[in-house]
Amino acid sequence: MLKLIEFKNMRKEIYPHTKRGQVAEGDKISKASPRYGVGVYMDYAATTPVDPRVLKAMLPYFTKKFGNSVSLHSFGQEAKKALEKTRMIMAKAINAQNIEEIIFTSSATESNNLALKGIAFANKNKGKHIIISSIEHDCVLNSALWLEKQGFQVTKIKVDKQGLIAPKEVEKAIRKDTILVSIIHASNEIGTIQPIEKIGEICQRKGVYFHTDAAQSFGKIPIDVQKMKIDLLTASSHKIYGPKGAALLYIKKGTKIEPLLHGGGHEFGLRSSTVNIPAIIGFGKAIEICQKEIHPVKSSRGGISSKTKLFNGVKKESQRLTKLRDKLIKEILKKIPNSHLNGHPKKRLPNNANFWFSYVEGEAIIMNLDSYGIGVSTGSACSSEKLEPSHVLLACGLRPEQAHGSLRISLGRWTKEKDIDYVLEVLPKVVKRLREISPFKR
Amino acid sequence: MPIYSKEIIKHFKNPKNVGKIKNSDGTGEAGNFLCGDIMTLYLKIGKNKKGEKIIRDVKFETMGCTVAIANTSLLTTMVKGKKLEDALKIKKEGLIKRLGQPLPPFKIHCSILAIDALKEAIYDYYLKNKLEIPEDLEKEHQRITKTKEELEKRYKGFQAFEKEILK
């Protein structure tokens, strides 16, 4: 009983304006279905809650199976065995040929830094030219800009209005001294999925390393590094219901790369550091769960049976999310006048919806939605000191005021149809209210 | 919730003096599309018992973030009924203090914008009525106009890029 009271008080503290779906201003709003606390969380692209099954798998590795994976005694070997099993799960998940091609890291940012800087420094004798897209995540963009300061040259491939890259443009940009092409698989902001396979083919033909940042797409859409001709791939744990602080970098065998961290030679000498075993184990479990949701596969001791291609099956979950996403997009464009979709209508992540609304600012929408218990995100970087909005939206040809009025809604494992209905009920009111304050209303 | 103080949330959720004044005595605009905050302030000028000029009524419209909306709302409540000279003395520090919480550095410009809009509105009043414009206000007006012009130049770059990508 005491616990219940404590919980209620906690809820009041976190959301002083909401009582489970009710709203302070006296607006009548039907009951929402809050998951994880009281709010409706719709920012799964930012991060996800750890799946309880993942947490359960991780716990023993904090206290009982605590060994260091490089120790020779059985405490260490126990941890090592679990790690190698996880490596196998990951290799299968992206259809890597060898399990040694998977390197554990601490974050997608680290993986991307290692990919760009590692390739650049190992291959600078061959050339000093790197190609990225104009809609990369900040960690790829800023790594490339840093390399530019070190004497490398960077070409940014332009995208079209829907955020798509034309593979031809990549081909045109490749020069004799090009050493690396890095293109994001699916945009973290607008969700547009790039024609990775075609770009991979071009890079293979031209003999240039090809890296893709799949932090947002891994676990949501099929990935096959052999079929897609990918040399390096970044994937992250906390976007697929695993813990934060775990990620991987796939490095194809034979790739010339320098490590960023020097030390005891962990991870085949490419990433020295005692491995964050619980987090990596959790990442592996999270992948296994994604698989099961996809396909009724029994996960065996070594991960999945070799014939099963992991993310073939994401279908089940991704079909459910696609249906919810399409409903959200259709209804919002219908219910809110002067609202527009960012990104591609079809070639987009199953869980991503991104809009811009004329005459209002995104940050104000977010704060207003927050008071209704809805957690979403913005493309507007009103917070950045340059005062300029997201480079991704600007690269898609949005004018600054349009980019400032944008909103990203991302769905996930615990999003239910009634959550979508709740957002569809609240968002039009919020936009209408803010437009009433705006000088540009009509 | 939240990263903002109660005062900010209060003004954001229930902003005071929202709207337009038809036939206003002075109108001021501040902000730009680049930072995403744009506001318009409307003034109605009257006289108090001593015959000094005061702001009899004030209304505003803002397109912008939480802090920008809260700031303009707060500013309008502060200047209503005030003498023009006193209204011009309001500094960003005073406004921020009233918001009850130190603002993150990049949000301070929201307070400056609100004050700029007020200065522009009073300037507009002086200009319309062919009154003598105080030296300080003239300087401020020139500063605001100059920034506006600079930002407009940069904004044109974005318009050109949009055309290019639409081809």
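From a predicted model like this one, the values you see are computed outputs, not experimental measurements. (Residues numbered from 1 in each chain as written. Chains lettered and ligands numbered in written order. Predicted model: local features only at pLDDT ≥ 70, side-chain atom pairs only at ≥ 80, totals over all residues.)

Peer 1: When you look at the overall build of chain B in this model, what are you seeing that I'm missing?
Peer 2: Counting its secondary structure elements, chain B contains 6 helices and 3 strands. Of the regular secondary structure in chain B, the N- to C-terminal order runs α-β-β-β-α-α-α-α-α. Radius of gyration (C-alpha) of chain B: 17 Å, near the 15 Å computed for a compact globule of 167 residues. Structurally, chain B occupies a C-alpha span of about 60 × 45 × 30 Å along its principal axes. Taking the intrachain contacts of chain B between residues at least 6 apart in sequence as the baseline, contacts between residues at least 24 apart amount to 64%. (Helix = DSSP H or I, 4+ residues; strand = E, 2+ residues; numbered from the N terminus. Rg over C-alpha atoms; globule rule 2.2 N^0.38 Å. Contact = placed C-beta atoms within 7 Å.)

Peer 1: I keep staring at the interface of chain A and chain B and nothing clicks. Help me out?
Peer 2: By a widely used convention, the size of an interface equals the accessible area lost when the partners come together. With 29 residues of chain A in contact, the opposing surface of chain B contributes 26 residues. Elements with a contribution of two residues or more to the side of chain A that touches chain B: α11 (362–370) and α13 (400–404) of chain A. The class makeup of the residues in the side of chain A that touches chain B is 13 nonpolar, 7 polar and 9 charged. (Nonpolar A, V, L, I, M, F, W, Y, C, P; charged D, E, K, R; others polar.)

Peer 1: I tried to follow the domain arrangement of chain A on my own but got confused; where do I start?
Peer 2: Residues and elements named next belong to chain A. According to the domain assignment, chain A consists of domain 1 (14–43 + 315–437) and domain 2 (53–308). In this complex, domain 1 contributes 23 residues to the contact, which on the side of domain 2 involves 21 residues. Contributing elements (two or more residues each) for the side of domain 1 that touches domain 2: α10 (315–335), β12 (352–357) and α12 (391–395). Here the side of domain 1 that touches domain 2 takes 4 residues from α10, the largest share from any one element. (Domains from an automatic or database assignment.)

Peer 1: Whenever I open this one, the environment of A:Ile89 confuses me. Can you help?
Peer 2: Residues and elements named next belong to chain A. On the secondary structure map, Ile89 appears in helix α4 (residues 74–93). Judged by the 22 C-beta atoms lying within 10 Å of it, Ile89 is buried. C-alpha separation for the pair Ile89 and Ile196, spaced 107 residues apart in sequence, amounts to 23 Å. (Buried ≥ 20, exposed ≤ 12 C-beta atoms within 10 Å, placed from the backbone.)

Peer 1: What should I look at first to understand the sheet that holds strand β2 (residues 37–47) of chain B in this one?
Peer 2: As a general point, the strands of a sheet are linked pairwise by backbone hydrogen bonds and lie either parallel or antiparallel. Residue and element names in this part refer to chain B. Sheet architecture is open: 3 strands sit in the order β1-β2-β3, paired in antiparallel fashion. The open sheet terminates on both sides in strands that have one partner only, identified here as β1 (26–32) and β3 (53–63). Averaged over all adjacent pairs, the angle separating strand axes in this sheet is 20 degrees, with direction ignored. Where β2 and β3 come together, 10 bridges link them in antiparallel fashion. Paired with Thr40 across the bridge in β3 is Glu61. (Pairing = 2+ DSSP bridges. Axes fitted to C-alpha atoms, helices over the stretch in contact; angles between N-to-C directions.)

Peer 1: Would you mind going over helix α5 (residues 108–122) of chain A with me for this structure?
Peer 2: At 3.6 residues per turn, the α-helix brings residues three or four places apart onto the same side. Taking 1.5 Å per residue as the helical rise, α5(A) with its 15 residues ought to reach 21 Å, and the 21 Å between its terminal C-alpha atoms agrees with that figure. Along α5(A), 13 of the 15 residues are buried, which leaves the element largely enclosed by surrounding structure. (Expected span 1.5 Å × (residues − 1).)

Peer 1: Please clarify how the confidence of the model for chain A should be interpreted in this entry.
Peer 2: Low pLDDT means the predicted coordinates in that region are not meant to be read closely. All names here are of chain A. Looking at chain A, the pLDDT average stands at 86 and 84% of residues meet or exceed 70. Predicted confidence for residues 295–313 stays below pLDDT 50, and this span has 35 contacts to residues more than four positions away or in other chains. This stretch, residues 380–384, has a pLDDT under 50; its non-local contacts, to residues over four places away or in other chains, come to 19 contacts. (pLDDT = per-residue confidence, 0-100.)

Peer 1: Is there a simple way to think about the nonpolar core in this case?
Peer 2: Generally speaking, nonpolar side chains in soluble globular proteins are found buried as a group. Grouped together as the largest cluster of nonpolar side chains are 157 residues, with contacts concentrated most on A:Tyr250, A:Val423 and B:Leu118. Broken down by element, the residue count for this core peaks at 10 residues, all from helix α5 (residues 108–128) of chain B. Each of domain 1 (14–43 + 315–437) and domain 2 (53–308) of chain A gives at least three residues to this core. For B:Leu118, the contacting residues outside a window of four places in its chain are B:Gly28, B:Leu41, B:Leu75, B:Val79 and B:Ala87. (Core = buried A, V, L, I, M, F, W, Y, C linked by C-beta atoms within 7 Å.)

Peer 1: When you look at the sheet that holds strand β11 (residues 339–341) of chain A in this model, what are you seeing that I'm missing?
Peer 2: Taken together, 4 strands build an open sheet; the order of strands is β11-β12-β15-β14 (chain A) and the sheet is antiparallel. Each end of this open sheet is capped by a strand with a single partner; those strands are β11 and β14 (377–378) of chain A.

Peer 1: Before we go on, may I ask you to explain unusual backbone geometry in this structure?
Peer 2: Among all residues save glycine, negative phi is the norm, and among peptide bonds the norm is trans. All names here are of chain A. Positive phi values are uncommon outside glycine, yet Phe268 reaches one of about 60 degrees. Within the element layout of this structure, Phe268 appears in the loop between β10 (247–251) and α9 (277–294). Owing to 12 C-beta atoms within 10 Å, Phe268 belongs among the exposed residues under this scheme. Here Asn338, not a glycine, exhibits a phi torsion of approximately 55 degrees, which is positive. Given 15 C-beta atoms within a 10 Å radius, Asn338 is considered partly exposed.

Peer 1: When you look at the environment of A:Pro60 in this model, what are you seeing that I'm missing?
Peer 2: Here A:Pro60 lies in helix α3 (residues 60–63). Sequence spacing of A:Pro60 and A:Leu424 is 364 residues, and the spatial spacing of their C-alpha atoms is 42 Å.

Peer 1: Honestly, the packing of helix α1 (residues 6–13) of chain B against helix α2 (residues 66–79) of chain B in this entry has me stumped. Any pointers?
Peer 2: Each pair of packed helices can be summarised by the angle the axes make with each other and by the distance between the axes. All names here are of chain B. For the pair α1 and α2, the least separation of the axes is 8 Å and the interaxial angle reads 85 degrees. The angle between α1 and α2 places the two elements in the roughly perpendicular class. Residue-level inspection shows Ile8, His11 and Phe12 of α1 in contact with α2, the latter providing Thr66, Val67, Ile69, Ala70, Ser73 and Leu74. (Parallel < 35°, antiparallel > 145°, perpendicular 65-115°, else oblique.)

Peer 1: Which parts of the structure should I look at to understand the pairing of β10(A)?
Peer 2: Remark: a regular strand shows side chains that alternate across the two faces of the sheet. Residues and elements named next belong to chain A. Here β10 lies mainly inside the structure; 5 of its 5 residues are buried. Burial of the side chains of β10 extends over both faces: Ala247, Leu249 and Ile251 are buried on one face and Leu248 and Tyr250 on the other. Bridge count for strand β4 (residues 102–105) against β10 is 4 bridges, and the pairing is antiparallel. By the bridge assignment, Thr105 is partnered in β10 with Ala247.

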